[in-house]
Amino acid sequence: MLSKQFLFTKPSLFFFFFFANPSLRRRFSSSRHRYPTNADRRSRPTTIVSPTPYIPIAKCISLLQFCASSKPKLMQIHAFSIRHGVPITDPDMGKHLIFAIVALSAPMGYAHNVFSQIDNPNIFTFNTMIRGYAESENPRPATELYRHMRAFSSVKADTHSYPFLLKALAKLTAVWEGEMVHSVVLRDGFESLVFVQNALLHLYGCFGCVESAHKMFELMPQRDLVAWNTVINGFALNGRPNEALVLFRDMGFEGVEPDGFTMVSMLSACGELGALALGRRAHVYVLKVGLLNSNLHANNALLDLYAKCGSIRDAKKVFNEVSERSVVSWTSLIVGLAINGFGKEALELFKELENEGLVPTEITFVGVLYACSHCGMVNEGFNYFGQMEEKYGIVPRIEHYGCMIDLLGRAGLMKEAYEYIQNMPLKPNAVIWRTLLGACTIHGDLVLGEFVRSRLQQLEPGHSGDYVLLSNLYALESRWSDVQKVRRAMLRQGVRKTPGYSLVELGNRVFEFMMADRSHPQSEEAYAKLAEIASLLRLEGYVPRTANVLADIEEEEKETALSYHSEKIAVAFMLVNTAPRTPIRILKNLRVCVDCHVVFKLISKVYGREIVVRDCTRFHHFGNGSCSCGDYW
DNA sequence: GTAGGGTTAG
């Protein structure tokens, strides 16, 4: 008789069978599988190997069920099936074997091998296979299997097939196929099932069609917590944090209690908006319901929220206080420190991560390289870039090369940066060239700038940021006719400069200011404050930096244009409306210009205020007349 | 057996 003990004492067989056989390894690891035809089924043997006496199917099944539930290692199951000649051609036996493999998240190649030997696979077998692929790293075969099932077998898809198939399609962002499957779901009358509906919501969310998902959601007669979470997350992940927060509020009105999933989406929406006050309230809620310390994802989202709101002190506090930390927690704090201008601390934290024996991910390295490039640590940057592959086997992606170009470009090593692009093993994309163009603007390299710009025109014509960068570059050299040329080209090609705006949080509200904005009821007071600031700053020796104004206008006019930049109005507004020494936080959609940067440094000194500005790329912490970026940004 | 989550260069 076979005992359970026996099962666990023969692991080496599978090792030998699987890892020692290159052809099998290749077969199992191949991403595309061919599904067996009936001719295949007729020609292959009825069992894998049969060195030992036959064991009753019922016994095998109960053992496999035990395996799947107690999650032992896959090799033990396989050793068992090989050793005892498990007759997996039996559909019942095969289905349990496949289920055990999928439940263990084992390589799908192995499940495919079993699947191809089963006589007349039933719907459970197909569904388990589809599920396994949908949850694996390569979900493509799930859709192939579904098509195969529809075309070549008598098995009909049921209510359990669609949620997993839709999950696979969502992962693949296969829009066309997704819509086809949706129409099949409608035709076959599965759309009334809540599992299918939620999977469809997720599908459209992943496609970036949050509008469709939302519409579908509104039409749903019964909406459970998962449906709310799916559509809220859809908005949060597609750059629509406001809508996500509105839905979060509506959810409360309908009396649906949020869970960890909801809070993660909600916190990330707050982070994107820089809504620190709202985020703090969410923090209190997370504490109240006991999610903190029990939900790693919620902890990480909270950490990220504080880092993204420029409140690095709170981020560190969360990091130090939680009982469980994953590499994501470390990465979030490293990236947070890097974007807030604390590059050295970010690198120290990275060293600590290594000392803890944790394995950094490719995103950790983006943070590390970002820290190096924003602090001018060229040698360190190259050092870490080398370590990536040597020490951790992480193949650098285009993002990492972007950081390296930025590292060289910011440090003024323009020639080296250009050569680096020429020699890199990946094809440079628009982002890479744009990074170099940005560096040209910082260092006034007009010749290279024009060349890079021509490359960008081919790769991504009509990107408004490139026109602005080029015109700033011409303006630096006072080449006004060229500035005009860029401007006319923008008009001709219908390219519009993204209007700059700044957000500030006061009380429970978020206020938005545009350039030269006078729509706010308190704008008179704000402008009066601006005039006061201007006169005070002149006493401090302030001279406006006007090179960034996109026009050949009189210097005096330029000064006016500068003094009405949205972030300056926002600061003035906050100076009027908050008590002395209250920190001021501003979120800006574009980069802070040189002039605003100088002004904020001075304001922080003259008015004794801490000013935190989050622009589209990073944070600036102003205090006592200096900035955390060290003027290197 | 069924659906949903966080971190990424400019």
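Residues numbered from 1 in each chain as written. Chains lettered and ligands numbered in written order. Predicted model: local features only at pLDDT ≥ 70, side-chain atom pairs only at ≥ 80, totals over all residues. Heavy atoms only, no water.

K.L.:
How would you sum up the overall build of chain A? Please name residues and give values.
P.N.:
Counting secondary structure elements, chain A contains 34 helices and six strands. A separation threshold of at least 6 residues defines the contact pool for chain A, and within that pool the share at least 24 residues apart is 66%. When the accessible surface of chain A is summed, it comes to about 30100 Å², and 55% of that surface belongs to carbon and sulfur atoms. (Helix = DSSP H or I, 4+ residues; strand = E, 2+ residues; numbered from the N terminus. Contact = heavy atoms within 4.5 Å. Areas by Shrake-Rupley, 256 points an atom, 1.4 Å probe, with all protein chains shown as cover.)

K.L.:
Can you lay out empty space enclosed by the protein for me, pointing to particular residues and giving the numbers?
P.N.:
Under the criterion given, the structure shown has one cavity of 30 Å³ or more. What lines the largest cavity is simply Phe 513, Asp 517, Arg 518, Ser 519, His 520, Gln 522, Ser 523, Ala 526, Ile 569 and Phe 573. Secondary structure elements with two or more residues in the lining of the largest cavity: helix H31 (523–539) and helix H33 (566–577). Residue classes in the lining of the largest cavity are distributed as four nonpolar, four polar and two charged. (1 Å grid on protein atoms, 1.4 Å probe; cavity = no way out; pocket = protein on both sides within 12 Å on 5 of 7 lines; lining within 4 Å. Points joined across faces, edges and corners; volume = space filled by probe spheres on them. Nonpolar A, V, L, I, M, F, W, Y, C, P; charged D, E, K, R; others polar.)

K.L.:
Explain helix H21 (residues 327–339) to me, using residue names and the numbers behind them.
P.N.:
Taking 1.5 Å of rise per residue, the 13 residues of H21 would be expected to cover 18 Å, and the 18 Å separating its terminal C-alpha atoms lies within 8% of that figure. A large share of H21 lies buried, amounting to eleven of its 13 residues. Turning to H21, its buried residues are Val 327, Ser 329, Trp 330, Thr 331, Ser 332, Leu 333, Ile 334, Gly 336, Leu 337, Ala 338 and Ile 339. Buried positions along H21 lie against helix H19 (296–308), helix H20 (312–321), helix H22 (343–355), helix H23 (362–374) and strand S5 (619–623). Looking one or two places after H21, you find Gly 341, whose phi comes out positive at around 90°. (Expected span 1.5 Å × (residues − 1). Buried < 20%, exposed > 50% of the residue type's maximum accessible area, 1.4 Å probe, protein only.)

K.L.:
I'd like to hear about the pairing of strand S1 (residues 501–506), residue by residue, with values.
P.N.:
As defined by bridge partners, S1 adjoins strand S2 (residues 509–514) across six bridges and the pair is classed as antiparallel. When the sheet's bridge partners are listed, Glu 505 is paired in S2 with Val 510. In sequence, S1 turns back onto S2 through a hairpin of two residues, with Gly 507 there showing a positive phi of about 60°. (Pairing = 2+ DSSP bridges.)

K.L.:
Tell me about the sheet that holds strand S4 (residues 611–614), and name the residues and values.
P.N.:
The pairing of strands in a sheet comes from backbone hydrogen bonds and takes either a parallel or an antiparallel form. Within the open sheet, the six strands sit side by side as S2-S1-S3-S4-S5-S6. Their pairing is mixed. Every other strand in the sheet has two partners, leaving S2 and strand S6 (626–627) as the edge strands with one partner each. With four bridges connecting them, S4 and S5 associate as antiparallel partners. Bridge pairing in S5 links Ile 611 to Phe 622. Along the sheet, helix H34 (residues 594–606) contacts strand S3 (584–588), S4, S5 and S6; its crossing angle with S5, the most-contacted strand, is approximately 35°. (Axes fitted to C-alpha atoms, helices over the stretch in contact; angles between N-to-C directions.)

K.L.:
Describe the protein's contact with DNA strand B, with residues and values.
P.N.:
Of all residues adjacent to DNA strand B, which total 44 residues, the nearest are Phe 164, Asn 229, Leu 237, Asn 300 and Val 328. If you look at DNA strand B and keep only atoms within 4 Å of the protein, 43% of those are sugar or phosphate atoms. One nitrogen or oxygen atom from the side chain of Asn 198 is found 2.7 Å from a base nitrogen belonging to DNA strand B. Within the contact set of DNA strand B, a phosphate oxygen lies 3.3 Å away from a side-chain nitrogen or oxygen of Tyr 370. Here the residues of the surface near DNA strand B sort into 16 nonpolar, 18 polar and ten charged. (Near = heavy atom within 4 Å. Polar contact = N/O pair within 3.5 Å; in protein donor to acceptor, adjacent residues only side chain to side chain.)

K.L.:
Give a description of the UniProt feature "repeat: PPR" (unreviewed entry) in chain A that names residues and reports values.
P.N.:
Listed under "repeat: PPR" (unreviewed entry) in the UniProt record, and renumbered for this structure, are residues 122–156, 224–258 and 326–360. Helix makes up 74% of residues 224–258 and strand 0%. Its end C-alpha atoms lie 11 Å apart. (UniProt positions renumbered as here; feature names shortened; annotations may be inferred.)

K.L.:
Kindly report on the packing of aromatic side chains, identifying the contributing residues and their values.
P.N.:
Enumeration over the complete set of coordinates arrives at 19 aromatic pairs. A ring pair is formed by Tyr 204 and Phe 207, whose centres lie 6.0 Å apart and whose planes are at 80°; its orientation type is edge-to-face. With relative accessibility at 7%, the residue Tyr 204 sits in the buried group. Look at Phe 207 and you get buried, because its relative accessible area is 12%. Aromatic pair Phe 217 and Trp 228: ring centres 4.9 Å apart, planes at 80°, arrangement edge-to-face. Taken together, the positions of Phe 217 in helix H14 (residues 210–219) and Trp 228 in helix H15 (residues 225–237) put the pair eleven residues apart, joining distant regions of the chain. Here the aromatic residues Phe 350, Phe 365, Tyr 384 and Tyr 392 are joined through ring pairs into a cluster of three or more. In this arrangement the basic side chain of Arg 453 is found over the ring face of Tyr 467, its NZ or CZ atom lying 4.3 Å from the centre. (Phe/Tyr/Trp six-rings, centres within 6.5 Å; stacked < 30°, edge-to-face > 60°. Lys NZ or Arg CZ within 6 Å of the ring centre and 35° of its normal.)

K.L.:
I'd like a description of a nonpolar patch on the surface, backed by residues and values.
P.N.:
A contiguous nonpolar patch, built from Leu 536, Leu 539 and Val 606 and spanning about 260 Å² of accessible area, is present on the exposed surface. Counting through the fold element by element, Val 606 comes out in helix H34. Accessibility expressed as a relative area gives 30% for Val 606, which makes it partly exposed. (Patch = residues over 30% accessible without salt bridge, like charges linked within 9 Å, V, L, I, M, F, W, Y side chains within 5 Å. Salt bridge = Lys/Arg side-chain N within 4 Å of Asp/Glu carboxyl O.)

K.L.:
For the layout of surface pockets, give the residues involved together with the corresponding values.
P.N.:
Its volume calculated, the second largest pocket comes out at about 830 Å³. If you trace the second largest pocket, you find 25 residues lining it, with His 202, Val 226, Thr 230, Asn 233 and Phe 261 closest to the centre. Residue assignment for the lining of the second largest pocket shows that the elements contributing at least two residues are helix H11 (161–172), helix H13 (194–206), H15 and helix H17 (260–273). Across the lining of the second largest pocket, the residue classes break down as ten nonpolar, 13 polar and two charged.

K.L.:
Tell me about the pattern of salt bridges, and name the residues and values.
P.N.:
Enumeration over the complete set of coordinates arrives at 26 salt bridges. Where Glu 419 meets Lys 415, a salt bridge forms, and the shortest distance between an N and an O atom there is 3.7 Å. You can see Glu 419 and its partner Lys 415 sitting in helix H26 (residues 414–423), four residues apart, about one turn around the helix. A residue is classified by how much of its surface remains accessible, and Glu 419, at 37% relative accessible area, is partly exposed.

K.L.:
Could you give me a rundown of the nonpolar core, with the residues and numbers involved?
P.N.:
Judged by nonpolar contacts, the single largest core of 138 residues is most densely connected at Met 129, Tyr 146, Tyr 162, Leu 166, Val 181, Leu 203 and Leu 436. A domain-level breakdown of this core finds at least three residues from each of domain 1 (1–156) and domain 2 (398–492). Discounting residues that sit within four places of it in the chain, Leu 436 has contacts with Ile 405, Met 414, Ala 417, Tyr 418, Ile 421, Leu 448 and Val 452. Listed in part, the 31 residues of the second largest apolar core include Ile 533, Ala 570, Ala 572 and Cys 596. (Core = buried A, V, L, I, M, F, W, Y, C linked by side-chain atoms within 4.5 Å. Domains from an automatic or database assignment.)

K.L.:
Describe helix H29 (residues 464–476), naming the residues involved and giving the relevant values.
P.N.:
Between its first and last C-alpha, H29 extends 19 Å over 13 residues, near the 18 Å set by a 1.5 Å rise per residue. Most of H29 sits out of view: ten of its 13 residues are buried. Of all the residues in H29, the buried ones are Ser 464, Asp 466, Tyr 467, Val 468, Leu 470, Ser 471, Asn 472, Leu 473, Tyr 474 and Ala 475. If you follow the buried residues of H29, they end up packed against helix H27 (430–443), helix H28 (446–459) and helix H30 (480–492).

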